[in-house]
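# Examination of the molecular architecture
One-letter residues, chain by chain:
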Number of protein chains: 2
Amino acid sequence: MTTIKDVAKKAGVSVATVSRFLNDSGYVSADAAKAVTAAVDELKYELNPVARSLNTKKSNLIGLILPDITNPFFPELARAVEDVALTYGYTVVLCNSDENPEKEKNYIETLKKKYIAGFIVTSNQLDAPHYANANVPIVALDRAINDKIPVVSSNNKEGAVIGTNALLERGCRNVLFLRGPEELNPANDRYDGFMEAIRQSDADYQVVTCPFHFADSQKVVEQALQDNPSIDGIFASSDVSAAGALKAAGTIGRQVPDDLQIVGFDGVAMGEMLSPGLTTVAQDVYKMGAVATRVLIKQIENKKIEQSFYEVPVKLVIRGTTRSVAE
Amino acid sequence: MTTIKDVAKKAGVSVATVSRFLNDSGYVSADAAKAVTAAVDELKYELNPVARSLNTKKSNLIGLILPDITNPFFPELARAVEDVALTYGYTVVLCNSDENPEKEKNYIETLKKKYIAGFIVTSNQLDAPHYANANVPIVALDRAINDKIPVVSSNNKEGAVIGTNALLERGCRNVLFLRGPEELNPANDRYDGFMEAIRQSDADYQVVTCPFHFADSQKVVEQALQDNPSIDGIFASSDVSAAGALKAAGTIGRQVPDDLQIVGFDGVAMGEMLSPGLTTVAQDVYKMGAVATRVLIKQIENKKIEQSFYEVPVKLVIRGTTRSVAE
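Residues numbered from 1 in each chain as written. Chains lettered and ligands numbered in written order. Predicted model: local features only at pLDDT ≥ 70, side-chain atom pairs only at ≥ 80, totals over all residues. Heavy atoms only, no water.

## As for the side chain of Asn 228 of chain B
All names here are of chain B. Tracing the backbone through its elements, the reader meets Asn 228 in the loop between α10 (214-227) and β8 (233-236). A polar contact of 2.7 Å, which involves the side chain of Asn 228, links it to the side chain of Ser 230. Beyond its immediate sequence surroundings of up to four residues, Asn 228 is in contact with Asn 174 and Gln 206. (Helix = DSSP H or I, 4+ residues; strand = E, 2+ residues; numbered from the N terminus. Polar contact = N/O pair within 3.5 Å; in protein donor to acceptor, adjacent residues only side chain to side chain. Contact = heavy atoms within 4.5 Å.)

## Here's the deal with the interface of chain B and chain A
Counting from both sides, the interface comprises 46 residues of chain B and, opposite them, 47 residues of chain A. Along the contact surface separating chain B from chain A lie 4 salt bridges. Taken together, the elements giving at least two residues each to the side of chain B that touches chain A come down to α4 (49-56), α5 (74-87), β2 (91-96), α6 (101-114), α11 (239-252) and α12 (270-273) of chain B. (Salt bridge = Lys/Arg side-chain N within 4 Å of Asp/Glu carboxyl O.)

## Notes on the sheet that holds strand β8 (residues 233-236) of chain A
Residues and elements named next belong to chain A. Read from one edge to the other, the open sheet built from 6 strands follows the order β7-β6-β8-β9-β10-β12, with strand pairing classed as mixed. Unpaired on one side and paired on the other, β7 (204-209) and β12 (315-317) mark the two borders of the sheet. Each adjacent strand pair in this sheet contributes to an overall mean axis angle of 20 degrees, direction not counted. As defined by bridge partners, β8 adjoins strand β9 (residues 261-266) across 3 bridges and the pair is classed as parallel. The residue of β9 that forms the bridge with Phe 235 is Val 263. Contacting β6 (174-179), β7 and β8, helix α10 (residues 214-227) runs over the sheet at an angle of about 155 degrees to β6. Here helix α11 (residues 239-252) sits on the sheet and contacts β6, β8, β9 and β10 (279-282); the angle it forms with β9, its principal contact strand, is near 160 degrees. (Pairing = 2+ DSSP bridges. Axes fitted to C-alpha atoms, helices over the stretch in contact; angles between N-to-C directions.)

## Quick word on the sheet that holds strand β5 (residues 151-154) of chain B
With mixed pairing, the 12 strands of this open sheet are ordered in space as β11(A)-β5(A)-β4(A)-β3(A)-β1(A)-β2(A)-β2(B)-β1(B)-β3(B)-β4(B)-β5(B)-β11(B). At either end of the open sheet lies a strand with only one pairing partner, and these are β11 (309-312) of chain A together with β11 (309-312) of chain B. This sheet shows a mean twist of 25 degrees between the axes of neighbouring strands, independent of strand direction. Inspection of the sheet shows strand β1 (residues 61-66) of chain B paired to strand β3 (residues 116-121) of chain B by 5 bridges, in the parallel sense. Bridged to Leu 61 of chain B within β3 of chain B is Ile 116 of chain B. Against the sheet, helix α13 (residues 285-300) of chain A engages β1 (61-66), β3 (116-121), β4 (138-141), β5 (151-154) and β11 of chain A, with an angle of about 160 degrees to β4 of chain A. Of the strands in this sheet, β1, β3, β4 (138-141), β5 and β11 of chain B touch helix α13 (residues 285-300) of chain B, which is tilted by about 160 degrees from β4 of chain B.

This is the structure:
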């Protein structure tokens, strides 16, 4: 029979790390989490988790409610949720809500009556009664719902400070900030971070609001660059918006990174494929999904939750849309 | 009470179109399918489909088995499957298989004992006994499993003929074909289409095999362009490979489209974000998912299936990686 030692050996980590991961009892790096998940899977640790769970648990489905799986931020999140859920013997029901409160409410109200053990939710309906009164375990991603529902979020404000400073350190003197939709908490936290960092410098700046959408962002940036040719840096609140900014720079005839530098926010795979590759403040999306799932399963299994707020660090990934730091 | 007329009016299509869509009894365009799905959803046609189904059906979960949701081809597919499933009162369980036969087998064997009504499967385990003997409704996407399991696929071979001719018509005389993995049916159909079209021309050509992976494709293309500077066209079997080719062209210092033209295959959203935008043979991924889901639900509900093979047409999308057609 496979033991936790076999899993640790296969994953190339310590037994303590495997234990921390499986019990959610301390820090585990994203790489280690992936390795342990893969080893558990490969070795069929605890027999086959799908079979084990389906045979022993009454309810083993987790609902994942997100706005739209085709937004490039969400597939990696869904992957992490499914990987970790499977490790614990749960499977995942995919629910695209389109941010439509009626759709969310229907999913919650009706699925919970049947066999859903809990929900992981990314939604803007912060104060919706169907969450507050759901009476089923819920973990929120990125957006606080109420005090009783644990939240997993990136360190968005600090990330925006890092991204803004990346432009300032590389000589930008006139920064355009692409602010995300005002109804989104993460977008507002990024705005706060940008404002904090830019006000500590003597650089000029300008803020425009635009959705996390490629073509809309391209249009907004083309206009801004035409109106104000002295803009020499753009900090976008999402990678999709940054891709639109890069496209706009090309159509306006601005050279990136030589006379215009761009930094995105998210760290989705597409950023690497752009030319030049996108410098970005990368969220650890896989880890966010993994943490959310482990916290949810602890709730479902009536284990103690230590915190109500889990913040996952971001990091700056330097690629070709920024220059070397000025000496 | 909402009627089929209300749905048709809301969707801006005829009652006959709504009926064809809901009964899968004839052609419905992808745009019409989306409009009807949205109207059904908005008007809560047939009451609330989630509630209706959960209260009346014993089994209303569909398993979607795919290799990896983070591959950019699959999120749009998953979205279509969930949209159409919801219209009929089903919800979708997401299963990432990593093309691992054990994982697939576990999902099928254990979920089907519990409450899964059927599966939509994208897999290379063509002859795996866990599919042939599953004894549960299955629809295959892209890959034939056996005679009894309906298949929904793009017209891959014809698409490759179209893509190859797009390069030849634009003056390419030496075409590099990036062939996908030889164990994938769609990749082989695209290879056949390329060979058929290129052999009818007097252009030079070269075939290299590489995975549907960005960095690997970049490396392969850098090498090929260094070894053979006379290559003036690249046809990639996937958009991710085409993105790698475009990146390689940049690092080697080739001008796209002026002295090197590139065509991809897939039509994923990322293609638009590249600079220049990617010319590609676009699959109607949403329609593939929608057709597969409707065929599966017909099977589940013991309705007659007219065909065992559904081919969804592809189309050429012209963007910036190709020049104008030579006069």
